[in-house]
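Next come the chains, spelled out residue by residue.
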Amino acid sequence: AQKVTQAQTEISVVEKEDVTLDCVYETRDTTYYLFWYKQPPSGELVFLIRRNSFDEQNEISGRYSWNFQKSTSSFNFTITASQVVDSAVYFCALSEDRSGNTPLVFGKGTRLSVIA
Amino acid sequence: NAGVTQTPKFQVLKTGQSMTLQCAQDMNHEYMSWYRQDPGMGLRLIHYSVGAGITDQGEVPNGYNVSRSTTEDFPLRLLSAAPSQTSVYFCAISESRWETGNTIYFGEGSWLTVV
């Protein structure tokens, strides 16, 4: 069975600090996808990144970076030089089926508060 | 929100009432699903559909009914609302393609309170 664990329930940082959100997953499949979504206070869910199990390259997008390590079943998300606008709940999610017919399984989320 | 429209955005129901949350998409994506979000629980799958005429249960299907008569619409019906169904409901769509890896895009959410 697939499972996603986000051990950090809440994190609070001061603006401009770097912060890493942890995500550990469990799956028996060799083909799977990992995702991060952002949920700002307004409530919508914003897609941030998708990573497939064949691609372990880390990715950087502006102040965001993702570290995918199959050896530890982790897909961690780092925000560099955090800003108040980064305050949100962040969800990590897993899908096992490359065909697109398997729903996402979500972690319980990490609430990030960035203080000015 | 990737062409996903949910209505209503807010609703208050009395226990025992029935209602339908509407979800419509204009992206012609095969895959549609409904999630509920509760504090500290993340998002949990209620029902999903991989195409018109095909639906299946997710993790928490009890008390909900769905149908998929068209590609565009995937309504979620609460048959007899209970306070435990107070939640935020999200409709989601995705393409079943290797290239997109079923990246799921969500509607804006429907806030439902059952009193």
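What you are looking at is a predicted structure, and each value in this text was computed from that prediction instead of being measured.

> When you look at the overall build of chain B in this model, what are you seeing that I'm missing?
Check the secondary structure of chain B and you find 0 helices and 11 strands. A globule of 115 residues ought to have a C-alpha radius of gyration of about 13 Å, and chain B, at 13 Å, matches this closely. In terms of its C-alpha atoms, chain B occupies a principal-axis envelope of roughly 45 × 30 × 25 Å. Residues classed as buried in chain B amount to 48% of the 115 residues present.

> Any chance you could explain the overall build of chain A here in plain terms?
The number of helices and strands found in chain A is 0 helices and 12 strands. Ordered by position in the sequence, the α and β elements of chain A form the string β-β-β-β-β-β-β-β-β-β-β-β. Taken against the 2.2 N^0.38 rule, which gives 13 Å for 116 residues, the C-alpha radius of gyration of chain A at 14 Å falls within 12% of a compact globule. Taken along the three principal axes of its C-alpha coordinates, chain A extends 40 × 25 × 20 Å. A buried classification covers 47% of the 116 residues belonging to chain A.

> Would you mind showing me how to read the pairing of strand 9 (residues 87–94) of chain B here?
Each regular strand displays side chains that alternate between the two surfaces of the sheet. Residue and element names in this part refer to chain B. Counting buried positions along strand 9 gives 8 out of 8 residues, so the element sits mostly inside the fold. Alternating residues of strand 9 divide into Ser87, Tyr89, Cys91 and Ile93 and Val88, Phe90, Ala92 and Ser94, and every residue in both groups is buried. Examined bridge by bridge, strand 4 (residues 31–38) and strand 9 share 7 bridges and lie antiparallel to one another. Residue pairing for strand 9: tryptophan 34 is matched across the bridge by cysteine 91.

> What should I look at first to understand the packing of aromatic side chains in this one?
Two descriptors summarise a pair of aromatic rings, namely the distance from one centre to the other and the angle between the planes of the rings. What the rule picks out here adds up to 22 aromatic pairs over all chains. With 6.3 Å between their ring centres and 25 degrees between their planes, Phe35(A) and Tyr37(A) make a pair best called stacked. Assigned by exposure class, Phe35(A) and Tyr37(A) land together as buried. Summarising the aromatic geometry, the rings of Phe77(A) and Tyr90(A) are spaced 5.5 Å apart at their centres and angled 65 degrees between planes, so their arrangement reads as edge-to-face. One end of the pair, Phe77(A), is in strand 9 (residues 74–79); the other, Tyr90(A), is in strand 10 (residues 88–95), with 13 residues separating them in the sequence. The same class applies to Phe77(A) as to Tyr90(A), namely buried. Three or more aromatic residues joined by ring pairs make a cluster, and in this case those are Phe35(A), Tyr37(A), Phe47(A), Phe91(A), Phe106(A), Tyr35(B), Phe90(B), Tyr105(B) and Phe106(B).

Cut-off values and rules
- Residues numbered from 1 in each chain as written.
- Chains lettered and ligands numbered in written order.
- Predicted model: local features only at pLDDT ≥ 70, side-chain atom pairs only at ≥ 80, totals over all residues.
- Heavy atoms only, no water.
- Helix = DSSP H or I, 4+ residues; strand = E, 2+ residues; numbered from the N terminus.
- Rg over C-alpha atoms; globule rule 2.2 N^0.38 Å.
- Buried < 20%, exposed > 50% of the residue type's maximum accessible area, 1.4 Å probe, protein only.
- Pairing = 2+ DSSP bridges.
- Phe/Tyr/Trp six-rings, centres within 6.5 Å; stacked < 30°, edge-to-face > 60°.

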